[in-house]
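Here is what each chain is made of, one letter per residue.
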Amino acid sequence: MGACLVWLVLGVAGAPVQLDLDCAAPERVRALIEYARLSEIEQVEDIHREALSRALANCPAGQGRLACRAKQQRQADIDWELKVAEIKTRYQKMHQEFEEKCRAFTA
């Protein structure tokens, strides 16, 4: 019927999720892809926040504390931006592949 199944592995959650990418319901599929993308970003944000909290807690007391905290915050910000960009790229690719398969199916 023009349905294609894609396995989406949320490494963060450790649970594979199967998305039913049915060309007969493209708006529903687009919304599903967007929902999955936002869900993964939220999961990564929670993990990022916890990791940053642990890193900041490991900064020594005293004179070097502020410099350590600034360094940890900068690194965490870089890591966050890279991870979000990776997620967005992956879901953009999924969306593009879905659109291409549906165009090929209807042609």
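You'll find the structure just up there.
My aim in this report is to walk through the structure given alongside it, one point at a time. All of these numbers come straight from a predicted model, not from anything done at the bench. (Residues numbered from 1 in each chain as written. Predicted model: local features only at pLDDT ≥ 70, side-chain atom pairs only at ≥ 80, totals over all residues. Heavy atoms only, no water.)

1. Quick look at the nonpolar core
To keep it simple, the criterion reads: Here, the term nonpolar core denotes a set of buried Ala, Val, Leu, Ile, Met, Phe, Trp, Tyr and Cys residues that are joined through side-chain atoms within 4.5 Å. Three exposure classes are used, based on accessible area relative to the maximum for each residue type with a 1.4 Å probe and protein chains only: buried under 20%, partly exposed in between, and exposed over 50%. Helix numbering and strand numbering both begin at the N terminus, where a helix is a DSSP run of H or I of at least 4 residues and a strand a DSSP run of E of at least 2. Here, residues are in contact when the closest pair of their heavy atoms is within 4.5 Å.
One finds Leu21, Ile33, Tyr91 and Phe98 to be the most contacted residues of the largest nonpolar core, which totals 14 residues. When contributions to this core are tallied by element, the ones reaching two or more residues are helix 1 (26-57) and helix 2 (65-106). Looking at this core element by element, the count peaks at seven residues for helix 2. Excluding anything up to four places from it in sequence, Phe98 contacts Leu21, Asp22, Cys23, Pro26 and Val29.

2. Side note on the state of the cysteines
Put simply, the rule is: Two cysteine sulfur atoms form a disulfide, by the criterion used here, when they sit within 2.5 Å.
Overall, the coordinates contain two disulfides when judged by the stated rule. Disulfide pairing is shown between Cys23 and Cys102; the S-S distance is 2.0 Å. Judged by the sign of its S-S torsion, about -90 degrees, the cystine formed by Cys23 and Cys102 is left-handed. Residue Cys23 is located in the loop between strand 2 (15-22) and helix 1, and its partner Cys102 is located in helix 2; the two are separated by 79 residues in the primary sequence. Since its relative accessible area comes to 10%, Cys102 is described here as buried. Through a disulfide, Cys59 is tied to Cys68; the S-S separation comes to 2.1 Å. Judged by the sign of its S-S torsion, about -80 degrees, the cystine formed by Cys59 and Cys68 is left-handed.

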